[in-house]
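For reference, the chains in residue letters:
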Amino acid sequence: GPVMCGRWCFRCLWRGISSSTMKFLLAFDFDYTLIDENSDTWIVKCAPEEKLPIGIKSSYKKGHWTEYMGRVFIYLGDNGVKEAEMKRTMTTIPFTTGMTDLLGFIGMNKELFDCIIISDSNTVFIDWILRAGNFHRVFDEVFTNPATFSDTGYLTVQNFHNHSCAECPKNLCKRKVLEEFVDKQLQQGVNYTQIVYIGDGGNDLCPVKFLKKNDTAMPRQGYTLEKLISQMSQDLSPIECSVLVWSSGIEILSYLKILVKE
Ligand SMILES: [Mg+2]
Ligand SMILES: [Zn+2]
């Protein structure tokens, strides 16, 4: 039957009326979570001698990653790197251990799981990689910086949105994305039994702080997010949700199997 959501009371009431089915939201980061690399770094393999000139490397300003990647793509375009070569290079990125098994399981149980990606990569890279692995149908939505090839064959990328969060990079607050998605779903009568957030990075902390008691944060073992979460509990301001550390997609898969049996 319906489970009290631990959020606003009227939402629980709404859930009781609109739906008594169990549905989980799985929110994934992309770089170093689904794939075992940083896609924005991997594209440098397409550059002459597989490296960037110092002028570009030193032009990065904290919080302005998208603009920086824009300059990287112009450099690649100026050096004659075409879409086909980029695609060939990007689709060799390995998935993180166990992730293909995990995505296969989710794909076969879509009636139980909604699944989204919230990433600071871009639409072109993520689309290539998901399609190459035949996993694009596993995901209901991908929230990331919109990218496109220009008429002259250059890859261009824009900020995902504007936000007023002081903790996040200028182009993307993953908490805002998650919050808006959950609200949109609620308006359509979908109230999640539980949210599971799977990530590794510093920009995954903001959405994790949005999670409530019933939800689960799954930080990758040994990566920044895990360290930030344990720092918060040492500072005696622990996050509200449960925390489960993972090092392979198989561990996440085992957890999901337990969840759906409850
Ligand atoms: Mg990441
Ligand atoms: Zn934020």
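These numbers come from a predicted model, not from an experiment.

Draft legend 1. Layout of the UniProt feature "active site" (unreviewed entry) in the protein chain. This chain's UniProt record puts "active site" (unreviewed entry) on Asp29 and Asp31. The topology assignment puts Asp29 in the loop between strand 1 (24-28) and helix 2 (39-42). According to the C-beta neighbour criterion, Asp29 is buried, with 25 such atoms within 10 Å. Other than its neighbours up to four places away in sequence, Asp29 contacts Ile118, Ser119, Ile198, Gly199, Asp200, Gly201 and Asp204.

Draft legend 2. Geometry of helix 8 (residues 174-187). Its 14 residues place the ends of helix 8 20 Å apart at the C-alpha level, agreeing with the 20 Å of an ideal helix rising 1.5 Å per residue. Within helix 8 the residues assigned to the buried category are Lys174, Arg175, Lys176, Val177 and Leu178. The elements touched by buried residues of helix 8 are strand 1, strand 2 (113-122), strand 3 (141-145) and helix 9 (205-210). Two residues or fewer past helix 8, Gly189 is found with a positive phi of approximately 85 degrees.

Draft legend 3. The arrangement of the nonpolar core in detail. Counting 61 residues, the largest nonpolar core has Leu26, Ala27, Ile129 and Tyr197 as the members making the most contacts within it. Counting residues per element, this core draws most heavily on helix 7 (residues 123-132), at 6 residues.

Draft legend 4. Spotlight on the environment of Val142. Within the fold, Val142 resides in strand 3. For Val142, a count of 19 C-beta atoms within 10 Å puts it in the partly exposed group. For Val142 and Ile116, which are 26 residues apart along the polypeptide, the C-alpha to C-alpha distance reads 5.7 Å. For Val142, the residues in contact, after removing those within four places along its chain, are Ile117, Thr123 and Ile126.

Cut-offs and rules
- Residues numbered from 1 in each chain as written.
- Chains lettered and ligands numbered in written order.
- Predicted model: local features only at pLDDT ≥ 70, side-chain atom pairs only at ≥ 80, totals over all residues.
- UniProt positions renumbered as here; feature names shortened; annotations may be inferred.
- Helix = DSSP H or I, 4+ residues; strand = E, 2+ residues; numbered from the N terminus.
- Buried ≥ 20, exposed ≤ 12 C-beta atoms within 10 Å, placed from the backbone.
- Contact = placed C-beta atoms within 7 Å.
- Expected span 1.5 Å × (residues − 1).
- Core = buried A, V, L, I, M, F, W, Y, C linked by C-beta atoms within 7 Å.

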